[in-house]
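# Overview (structure and organization)
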Amino acid sequence: MTKDTKSIIDEFHSSVNMTVKELQSWLQTDESQSVGQKDGDSESIGHKSGKKIVKFLENKKDKYNDDDISHMKKVISYIHRHLAQKPNGDVENTHWRYSLMN
């Protein structure tokens, strides 16, 4: 594993702050399924990504392939962009938060 790959994996794991169990439970909620951009499918892109994230969190860190690492980079970028757009006020029950959690 290269140093760059290791740093991506480490940043991914520090950026995703939900456990496997929390994320799996969240993805089952109506709120999770109510947000996000759809790509000609009934499931949003973010919801699909959440399912991939669960798999990444369940894997051992040395079991990721190049596609996994590429998706981790996208997730890291999304988290950083999304956090930079945080609205003012209470975000507890907002689409902004739901999208971030997906």
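The following refers to the structure shown.

How each quantity is defined
Residues numbered from 1 in each chain as written. Predicted model: local features only at pLDDT ≥ 70, side-chain atom pairs only at ≥ 80, totals over all residues. Heavy atoms only, no water. Helix = DSSP H or I, 4+ residues; strand = E, 2+ residues; numbered from the N terminus. Rg over C-alpha atoms; globule rule 2.2 N^0.38 Å. Buried < 20%, exposed > 50% of the residue type's maximum accessible area, 1.4 Å probe, protein only. Contact = heavy atoms within 4.5 Å. Phe/Tyr/Trp six-rings, centres within 6.5 Å; stacked < 30°, edge-to-face > 60°.

### So, the overall build of the protein
- Scanning the protein for helices and strands turns up 6 helices and 0 strands.
- In terms of overall size, the protein behaves like a compact globule, its C-alpha atoms giving a radius of gyration of 14 Å where 102 residues would be expected to give roughly 13 Å.
- A principal-axis box enclosing the C-alpha atoms of the protein has dimensions of 40 × 30 × 25 Å.
- Looking at the 102 residues of the protein, the share that counts as buried comes to 34%.
- The long-range share in the protein, meaning contacts at least 24 apart out of those at least 6 apart in sequence, stands at 63%.

### A closer look at the side chain of His82
- Mapping His82 onto the fold places it in helix H5 (residues 66-84).
- The contacts of His82, once residues within four sequence positions are left out, are Trp96, Ser99 and Leu100.

### With respect to the packing of aromatic side chains
- Scanning all chains against the criterion turns up 3 aromatic pairs.
- For the ring pair Phe12 and Phe56, a centre distance of 5.8 Å and an interplane angle of 75° mean the geometry is edge-to-face. Of this pair, Phe12 sits in helix H1 (residues 3-15) while Phe56 sits in helix H4 (residues 45-58), and the two are 44 residues apart along the sequence. Pair check on accessibility: Phe12 and Phe56 agree, each one buried.
- Taking 5.4 Å as the distance between ring centres and 45° as the angle between the ring planes, the aromatic pair formed by Trp26 and Tyr98 counts as tilted. Remark: Tyr98 occurs in helix H6 (residues 95-101) and Trp26 occurs in helix H2 (residues 20-27); sequence separation between them is 72 residues. Neither Trp26 nor Tyr98 differs from the other in exposure class; each is buried.
- Connected via pairs of aromatic rings, a cluster forms that spans Phe12, Phe56 and Tyr64.

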